[in-house]
Amino acid sequence: MEVKSIKISDTPLSIDDAYQFVQDVSCGGNCLFVGTVRNKNKGKTVTHLNFETYEPMALKEMDKIADQCLEKFEVKKIAIHHRSGHVGLKEIAVVIAVSSPHRADGFMACQYAIDTLKETVPIWKKEHLEDGSYWVGARP
Amino acid sequence: MIKVKCFGVAREIIKSDYFELNRSDLSVKELRSALYESHPEFSMIKGFMIAVNQEYATDEMAITANDEVAIIPPVSGG
């Protein structure tokens, strides 16, 4: 039985795909985190984002996070899906879904997965503003 | 010849999606110094990691011509 679903997609992500993947008869809790594109950052108006990925390494790092979640927490299945390319306002940038027998481990695993993804997965976000663009987090 | 993949802000600094170094082997630390020397703009960013064969590498690691090498500027997924 497949317990991990790891994906980078240049087309819109489906929350339901991630949810359907993790659902399991032994699990009473399904925890989803959905990251979307907001219209403001540090007082500036954002028009859209562009995600660049080092895809083979990013998939490996996402797979490691899934393995860590399955090892550290009592969770059954996990999906980590991330967008690449142009992502507009309100569109989904990332979906993480976790199923667990009980909710506490689901919440913890979901938080661990998104926090670790932001630190280790080689994906870069370029934020496009009304008056320019910049790579998020690149400069001091 | 060592070919180094470049992403995000590193791709914009190098002005290409790869950088070629006329060496047959060197350490990650030496590669780092070579990059700062050829492109001083690297000192304007928060730093970068080097990946060798799709794994984060330490400064002491050796790189040879057959390795897949990449500059990993600060990541910002999610």
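Worth saying up front: this structure is predicted, and the values here are computed from it rather than measured.

Participant: Break down the overall build of chain B for me, with residues and values.
Facilitator: The helix and strand inventory of chain B stands at two helices and seven strands. When the helices and strands of chain B are listed from N to C terminus, the series reads β-α-β-β-α-β-β-β-β. Computed over C-alpha atoms, the radius of gyration of chain B comes to 12 Å, within 12% of the 12 Å expected from 2.2 N^0.38 for 78 residues, which places it in the range of a compact globule. Its C-alpha atoms give chain B principal-axis dimensions of roughly 30 × 25 × 20 Å. Residue burial in chain B is summarised as follows: out of 78 residues, 33% are buried. Counted over contacts in chain B with a minimum sequence separation of 6, partners at least 24 positions apart contribute 52%.

Participant: Run through the pairing of strand E9 (residues 132–135) of chain A, naming residues and quoting values.
Facilitator: Residue and element names in this part refer to chain A. Relative to E9, strand E8 (residues 123–129) runs antiparallel, the two being bridged by four bridges. Within E9, the residue paired with Leu129 across the bridge is Gly132. What sits between the antiparallel neighbours E8 and E9 is a turn of two residues.

Participant: Could you give me a rundown of helix H2 (residues 55–72) of chain A, with the residues and numbers involved?
Facilitator: With 18 residues, H2(A) extends 26 Å from end C-alpha to end C-alpha; this agrees with the ideal 26 Å at 1.5 Å per step. What H2(A) keeps buried is the set Met57(A), Ala58(A), Glu61(A), Met62(A), Ile65(A), Ala66(A) and Cys69(A).

Participant: How would you summarise the interface of chain A and chain B if you had to cite specific residues and measurements?
Facilitator: Taken residue by residue, the interface counts 24 residues in chain A and 17 residues in chain B. Of all the secondary-structure elements, those providing two or more residues to the side of chain A that touches chain B are H2, strand E7 (92–100), helix H3 (103–120) and E8 of chain A. Here the element with the most residues in the side of chain A that touches chain B is H3(A); it accounts for four residues. Taken together, the residues of the side of chain A that touches chain B break down into 15 nonpolar, four polar and five charged.

Participant: Quick one: what's the story with the environment of Pro101(A), residue by residue and with numbers?
Facilitator: Residue and element names in this part refer to chain A. As for its position among the elements, Pro101 is in the loop between E7 and H3. Residue classification places Pro101 among the partly exposed positions, given that 15 C-beta atoms sit within 10 Å. The sequence separation of Pro101 and Glu74 amounts to 27 residues, and the corresponding C-alpha distance is 7.5 Å.

Participant: Mind laying out the sheet that holds strand E7 (residues 69–72) of chain B, listing which residues take part and the relevant values?
Facilitator: Residue and element names in this part refer to chain B. The strand order across the open sheet formed by five strands is E2-E1-E7-E4-E5, and the pairing between neighbours is mixed. Two strands lie at the open edges of the sheet, namely strand E2 (18–21) and strand E5 (55–56), each paired on one side alone. In this structure, strand E4 (residues 49–52) lies alongside E5, joined through two bridges in antiparallel fashion. Across the sheet, Val52 pairs through a bridge with Glu55, a residue of E5.

Participant: Please set out unusual backbone geometry residue by residue, giving values where relevant.
Facilitator: In this structure, Lys90(A) takes a positive phi of about 70° despite not being glycine. Along the chain, Lys90(A) falls in the loop between strand E6 (85–88) and E7. If you check the backbone angles, Asn53(B) has positive phi at about 50° while not being a glycine. One can find Asn53(B) in the loop between E4 and E5.

How each quantity is defined
Residues numbered from 1 in each chain as written. Chains lettered and ligands numbered in written order. Predicted model: local features only at pLDDT ≥ 70, side-chain atom pairs only at ≥ 80, totals over all residues. Helix = DSSP H or I, 4+ residues; strand = E, 2+ residues; numbered from the N terminus. Rg over C-alpha atoms; globule rule 2.2 N^0.38 Å. Buried ≥ 20, exposed ≤ 12 C-beta atoms within 10 Å, placed from the backbone. Contact = placed C-beta atoms within 7 Å. Pairing = 2+ DSSP bridges. Expected span 1.5 Å × (residues − 1). Nonpolar A, V, L, I, M, F, W, Y, C, P; charged D, E, K, R; others polar.

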